[in-house]
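# Observations on the model geometry
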Amino acid sequence: MPGSREDPVGTPAGSGRIAVIVPTRHEADSVGPLYHRLRAALNGRNWEIVFVDDSDDETPARLADLAGHDPRVAVVHRAPDRRPGGLGGAVLAGFAATEAGVLAVMDADMQHPPEALPRLVDALASGPADLVVGTRYRGRGSAEGLNGSFRHQASRACRRLVHAVLPRTRVSTDPLGGFFALRREVVDGVPLRPIGYKILLEILVRGRWNAVDEVEYTFRRRFEGASKSGLGEARRFLRHVVALRRAAPATPARPAGSHRPLRVLIFTSEVAPVVSGIATSMGNLSRSLTAAGHQVDVVSRADFPRLVHREVRLSGFARSWPRFRRRLSAYDVVNVHGPVPTMSDAFLLLAATMRRRRRPAVVYTHHSDLAIPGLRGLCALYNRMHRRVAQLADVILVSSAEYRDRMHMPSGPHVEIIPWGVDTRRVLPRPPRPPGAALRVLFVGQLRPYKGAHILLDAAGDLPGVTVTLIGDGPERPRLEARAAGLPAVTFRGRVSDADLWHAYSTHDVIVLPSLTTAEAYGLVLGEGMASGCVPVASDLPGVREVAGPSGLLVAPGDAEALRDALKRLSTDDALLDRLARASLERGLAMSVEAATTRHDQVFRHVLDHTGARRTATPAPRTTHP
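Below, the structure is looked at part by part. Every value quoted in this text rests on a predicted model; they were computed, and no experiment measured them.

Read from one edge to the other, the open sheet built from seven strands follows the order β3-β2-β1-β4-β6-β5-β7, with strand pairing classed as mixed. Of all the strands in the sheet, the pair left with one neighbour each is β3 (73-77) and β7 (212-216). The sheet shows a mean angle of 20 degrees between the axes of neighbouring strands, direction not considered. Where strand β1 (residues 18-24) meets strand β2 (residues 47-53), seven bridges bridge the pair, whose relative direction is parallel. Within β2, the position partnered with V22 by the bridge is F51. Where helix α3 (residues 86-96) meets the sheet, it contacts β1, β2, β4 (102-105) and β6 (180-183), and its direction lies at approximately 150 degrees from that of β1.

If you want it as structure tokens, here you go:
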């Protein structure tokens, strides 16, 4: 009932209190429903709502009524001649009106769903982030509430502009949104000077943050009122971007000493010269961390005695543990990649026996569940076991929301999402597609049964108006070439150089991933193809669907007819192909190695701050792979 409280009046201000800042203008009918939904969403938490009102209608009276019934509601009404900075200025007035340690910002029209706010606050409380942004443009996020194609295109163009000219905004896929939460330290003492309503843009560029996280949400249709967008706001936005471009760099939130180079050991299954998505990802990660100034060593399965029989690969790492353990004192962080039976599990178990002050911080990166043909039951048992072993790490990294949900355990470490980065420096200019040209479909990967290349041949080999190029090699190649005999539209190119691979991406229309196994949990080739303007068509698998789904087509694994239908749609609908290609290009370029490296750096430092694991370096032999 109105006026009831879940926390006592007079609770001391501080980091535990959440202040929700809601700027309002002529939204009398929405403030009541918004209050009740926020109250339900934040039940059991220490919260307050600060409405900053620039209205000239009955909105102030509605707000006064809410404040009279619940002392957690505060109202700041700005007179017509005292409304500097527009909506952005209103948010700053809300910051000044509260002493809460956590500040959240959202609109009053409920396009920002109140039920999503606790996820932003929880991400801020449990992770390394100083600022958590609600995003419409990643994973399960959606911008369905934008009215019309023009609004979508304008939003896309503005995001591209700020990412191009304001580098600090590249940590977010939605830097122009208005739904976010932050620690007070990010803005305290910072001379914020918003122009118009893009206050998040101001904070990203000028704020004192070290780490930014994102939470996906669906941007809803407007409950009441009209959009504030228009030519005037467009001019203010451009003035704001110019002003921020000229702004001095932001001051770090933490002492400069916390940014010293780290000593990182990457412990993985495969590195170059092995040709695989994992090997490519490890090369990208180690090179980019090194370029950022860190000392990075890489150890792989090839550095220990091992047994390999087809898809079964066992490591003798445990026998090397006494010697290997002595090397660990040289590192701040060990980034363990798995699951790798008898390797990642052995490291996590053995490292847990070390004394905390002698053990480096352990960050476990989970790539996918284990899936070996013919060993389904054994793999399921191993996956359950390894999930529990993974809880021994200080933090767990995954590449998708689905794997975050799988790996999270109530009593376990925090699970962070870091999508694998694409080396966007290699992207080549894309020549125009000739009118009436065939749909050019590209497969990149090892030619093994679980990769599903045979499904692609069955689906598209004789499809009119479609050509298929397969890049990669493996034991299935002779059988696949025999299967494709008599199909002139199919070309096998085998292994190619990196330069030729990126040229192929730029001269094809579709990148296809017809994998049959959950061991395919991301598909780096999808990201590389998307960054080059290819439309992804992929199996509907955990993790993969989050990469391909928002700007591509998904099909059931092993369903040649469904894959054929998807390719036929793209070959006969130029408008669909063009729309998905533009969306894929934007998403692919956002999946940069630099963005992934920044997130790794943030997580590594947060773990070290949390565990106190920094120690004086001791010399160690280096095993570094390119």
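The peptide bond linking G338 to P339 adopts the cis configuration, its omega dihedral lying at 5 degrees. By secondary structure assignment, the location of P339 is in the loop between β12 (333-338) and α10 (344-351).

Before going further, it helps to examine the packing of aromatic side chains. Both the distance between ring centres and the angle between the ring planes are used here to describe each pair of aromatic rings. Applying the stated criterion across every chain, the model contains 13 aromatic pairs. With a centroid separation of 6.3 Å and an interplanar angle of 35 degrees, the aromatic rings of F317 and F347 are classed as tilted. Here the residue F317 occupies a position in the loop between β11 (312-315) and α9 (321-327), and F347 occupies one in helix α10, the gap between them amounting to 30 residues. Take F317 and F347: they sit in the same class, and that class is buried. Centre to centre, the rings of W321 and F347 are 6.0 Å apart; their planes meet at 85 degrees, and the pair counts as edge-to-face. With W321 in helix α9 and F347 in helix α10, this residue pair connects regions lying 26 residues apart in the sequence. Classification of F347 by relative accessible area gives buried; the value is 0%. Feature note: the residues F267, F304, F317, W321, F324 and F347 constitute an aromatic cluster, connected by ring pairs.

In terms of nonpolar packing, the biggest core is built from 44 residues, with V444, Y505 and L526 touching the most fellow members. Aside from chain neighbours lying at most four places away, what touches Y505 is R430, L442, V444, I511, V525, E528, G529, S532 and C534. With 34 residues, the next largest nonpolar core counts V31, L34, L42 and A123 among its residues.

Next up on the list: the pairing of strand β13 (residues 361-366). Counting buried positions along β13 yields six of six residues, so the element is predominantly enclosed. Burial along β13 is two-sided: A361, V363 and T365 facing one way and V362, Y364 and H366 facing the other are all buried. Relative to β13, β12 is paired through six bridges, and the arrangement is parallel. In the strand pairing of β13, V336 is matched with Y364. Here β13 pairs with strand β14 (residues 395-398) via three bridges, running parallel. Within β14, the position partnered with Y364 by the bridge is I396. On the question of chirality, the crossover connecting β13 to the parallel β14 by way of helix α11 (residues 376-390) is right-handed.

Moving on: the sheet that holds strand β21 (residues 553-555). Sheet architecture is open: six strands sit in the order β18-β17-β16-β19-β20-β21, paired in parallel fashion. Of all strands in the sheet, those bounded by a partner on one side alone are β18 (490-494) and β21. Strand-to-strand twist in this sheet, taken as the mean axis angle between neighbours without regard to direction, amounts to 20 degrees. As paired strands, strand β16 (residues 439-444) and strand β17 (residues 466-471) are joined by six bridges and run parallel to one another. For L439, the partnering residue across the bridge sits in β17 and is V466.

For the rest of this paragraph, the subject is the packing of helix α1 (residues 28-41) against helix α2 (residues 59-69). One way to put it is that α1 packs onto α2 with a least axis distance of 8 Å and a crossing angle of 20 degrees. Between α1 and α2, the angle is such that the two are roughly parallel. Where α1 crosses over α2, the handedness of that crossing is right-handed. Residues A28, D29, V31, G32 and Y35 of α1 form the contact with α2, whose participating residues are T59, R62, L63 and L66. The residue makeup of the contact of α1 with α2, split by class, is five nonpolar, two polar and two charged.

Under the defined criterion, the tally for this structure stands at 38 salt bridges. The partner of R72 in a salt bridge is D70, and the shortest N-O contact between them spans 2.9 Å. With respect to class, R72 is no different from D70; both count as buried. Among the salt bridges present, the one from R425 reaches D423, with a minimum N-O distance of 2.9 Å. The class of D423 is buried, set by a relative accessible area of 6%.

Right, let's talk about a nonpolar patch on the surface for a bit. Residues L375, L378 and L381 make up a contiguous nonpolar surface patch of roughly 270 Å² in combined accessible area. Within the secondary structure, L378 is located in helix α11. Its relative accessible area of 55% is what places L378 among the exposed residues.

Thresholds applied
- Residues numbered from 1 in each chain as written.
- Predicted model: local features only at pLDDT ≥ 70, side-chain atom pairs only at ≥ 80, totals over all residues.
- Heavy atoms only, no water.
- Pairing = 2+ DSSP bridges.
- Helix = DSSP H or I, 4+ residues; strand = E, 2+ residues; numbered from the N terminus.
- Axes fitted to C-alpha atoms, helices over the stretch in contact; angles between N-to-C directions.
- Contact = heavy atoms within 4.5 Å.
- Phe/Tyr/Trp six-rings, centres within 6.5 Å; stacked < 30°, edge-to-face > 60°.
- Buried < 20%, exposed > 50% of the residue type's maximum accessible area, 1.4 Å probe, protein only.
- Core = buried A, V, L, I, M, F, W, Y, C linked by side-chain atoms within 4.5 Å.
- Right-handed = clockwise from strand over helix to strand, strands pointing away.
- Parallel < 35°, antiparallel > 145°, perpendicular 65-115°, else oblique.
- Left-handed = near helix turned anticlockwise from the far one by under 90°.
- Nonpolar A, V, L, I, M, F, W, Y, C, P; charged D, E, K, R; others polar.
- Salt bridge = Lys/Arg side-chain N within 4 Å of Asp/Glu carboxyl O.
- Patch = residues over 30% accessible without salt bridge, like charges linked within 9 Å, V, L, I, M, F, W, Y side chains within 5 Å.
- Areas by Shrake-Rupley, 256 points an atom, 1.4 Å probe, with all protein chains shown as cover.

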